[in-house]
Amino acid sequence: MSAAKNVAVLATDSSVPVQDFASRLREEMIPLNQRISYFFVGATPTSEDMREFLEEPVAALPPVIAQLIQRADLLFVPFLEQISARKNATHLVSLVRPAKPVTHSRTSFPDRETFVAAFHDRDIGEYHYRFFQFIATLTADLKTELVEKDYTELVRQELKNKVHGEVDDLSWEKKIALLERQSTFQGTNKQFRDYVRQSFIDTLTLYLHGICCDLDVEPGPRQMASRHLRKRLEFLKEKFPPPAGHAVFPEDKTDE
């Protein structure tokens, strides 16, 4: 089924489950490089759209991570709708703005992962964050040994030293829940492993986002102190060096 026919299906059916819609477009995806493909449904991207949504964020991916990804599709659809509770959310692709819009979704196939973004509800900062979160999650899935050993040891030392804060809300919530239930950190229970994994994803998201764009970490009650955050970022820089021409820290930047 062609992309034009898929838009017609949306107009007829009003909305289609994300996985069903992504499956229909498997053969329509346009290669951006050997591992990442894309497609815009119901919109013709401008050169600026291509730069902001595809070229710049993909170019910022560390080579080690880019080589990990076997196949990832970036699918841009008019709108996305959530039709169930957050914990077990079901997302639909829609041609018109829904009552309960969401900005992104993810669906998996045996041979690829698909990141779906609502193009007409786009915010470039939000899109970049969600894209890098998608890549960070894939990396956590593919580099489980790194997460379970090296990064776990880094986080365990933080906990032993009573380091306050986290990088983002999800890891902060898991950290608080962990601290409320136990006072020793052996890394042998599911709650601890879940926290470490989410912490890795959130920190890697920040790291990748920072390579692509100049970011200021917002202060707040959950924010980790800069010296501890820097240690995490240095760890990620060692494991996933940025691509040539991209900096991680201000002192890495060179005058052109």
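Let us look at the structure shown here. Fair warning: this is a prediction, and the values are worked out from it, not measured in the lab.

Section: the packing of aromatic side chains
The relation between two aromatic rings is expressed through the spacing of the ring centres and the mutual angle of the planes.
Link 1 in the chain: Under the defined criterion, the tally for this structure stands at 15 aromatic pairs.
Link 2 in the chain: With 4.7 Å between their ring centres and 50 degrees between their planes, Phe53 and Tyr127 make a pair best called tilted. Of this pair, Phe53 sits in helix α3 (residues 47–59) while Tyr127 is found in helix α5 (residues 124–142), placing the two residues 74 residues apart along the sequence.
Link 3 in the chain: With relative accessibility at 3%, the residue Phe53 sits in the buried group.
Link 4 in the chain: By relative accessible area, Tyr127 is classed as buried at 5%.
Link 5 in the chain: If you follow Arg122 out to its NZ or CZ, it ends over the ring of Phe119, 4.1 Å from the centre.
Link 6 in the chain: Lying across the ring of Phe249, Arg230 places its NZ or CZ 3.8 Å from the centre.

A look at the sheet that holds strand β2 (residues 30–31)
Link 1 in the chain: Taken in spatial order, the 5 strands of this open sheet run β2-β3-β4-β9-β8, and their pairing is mixed. Taken across any chain shown, the strands that pair with only one partner, and hence form the sheet edges, are β2 and β8 (104–109).
Link 2 in the chain: Pairing between strand β4 (residues 72–77) and strand β9 (residues 112–118): 6 bridges, direction parallel. Counterpart to Leu75 in the pairing with β9 is Val116.
Link 3 in the chain: In the packing of α3 onto the sheet, the strands contacted are β3 (36–40) and β4, and the crossing angle to β3 comes to about 175 degrees.
Link 4 in the chain: On the sheet, α5 packs against β4, β8 and β9 and is oriented at approximately 165 degrees with respect to β9.

What to know about α3
Link 1 in the chain: Over its 13 residues, α3 runs only 16 Å from end to end, short of the ideal 18 Å by more than 12%, given 1.5 Å per residue.
Link 2 in the chain: Residues Asp49, Met50, Glu52, Phe53, Leu54, Pro57 and Val58 constitute the buried set of α3.
Link 3 in the chain: Contacts from the buried residues of α3 go to β3, β4, α5 and α8 (190–212).

Notes on the packing of helix α6 (residues 144–160) against α8
The relative placement of two packed helices comes down to the angle between their axes together with the axis-to-axis distance.
Link 1 in the chain: Direction vectors running N to C along α6 and α8 enclose 95 degrees, while the axes themselves pass 10 Å from each other. The angle between α6 and α8 falls in the class roughly perpendicular. Each of Leu146, Val147, Tyr151, Thr152, Val155, Arg156 and Leu159 in α6 lies in contact with α8, whose residues at this interface are Phe192, Tyr195, Val196, Arg197, Ser199, Phe200 and Thr203.

With respect to the sheet that holds strand β7 (residues 101–102)
Link 1 in the chain: Read across the open sheet, the 4 strands follow the order β1-β6-β5-β7; overall the sheet is antiparallel. Pairing within the sheet leaves two strands with one partner each, and these edge strands are β1 (15–17) and β7.
Link 2 in the chain: Sheet analysis places strand β5 (residues 79–82) next to β7, joined by 2 bridges and oriented antiparallel. If you follow Leu80 over to β7, its bridge partner there is Val102.

Topic: the nonpolar core
Link 1 in the chain: Counting 54 residues, the largest nonpolar core has Leu74, Phe76, Phe131, Phe200, Leu204 and Tyr207 as the members making the most contacts within it.
Link 2 in the chain: Of all the elements in the fold, those that place two or more residues in this core are β3, α3, β4, β9, α5, α6, α8 and α9 (226–239).
Link 3 in the chain: The element contributing the most residues to this core is α8, with 11 residues.
Link 4 in the chain: Once residues lying within four places of it in the same chain are set aside, the contact partners of Phe200 are Ala136, Thr139, Ala140, Leu146, Val147, Tyr151, Leu236 and Phe240.
Link 5 in the chain: Formed by 16 residues, the second largest nonpolar core is a distinct cluster that contains Ala22, Met29, Leu80 and Val116.

What counts as what
Residues numbered from 1 in each chain as written. Predicted model: local features only at pLDDT ≥ 70, side-chain atom pairs only at ≥ 80, totals over all residues. Heavy atoms only, no water. Phe/Tyr/Trp six-rings, centres within 6.5 Å; stacked < 30°, edge-to-face > 60°. Helix = DSSP H or I, 4+ residues; strand = E, 2+ residues; numbered from the N terminus. Buried < 20%, exposed > 50% of the residue type's maximum accessible area, 1.4 Å probe, protein only. Lys NZ or Arg CZ within 6 Å of the ring centre and 35° of its normal. Pairing = 2+ DSSP bridges. Contact = heavy atoms within 4.5 Å. Axes fitted to C-alpha atoms, helices over the stretch in contact; angles between N-to-C directions. Expected span 1.5 Å × (residues − 1). Parallel < 35°, antiparallel > 145°, perpendicular 65-115°, else oblique. Core = buried A, V, L, I, M, F, W, Y, C linked by side-chain atoms within 4.5 Å.

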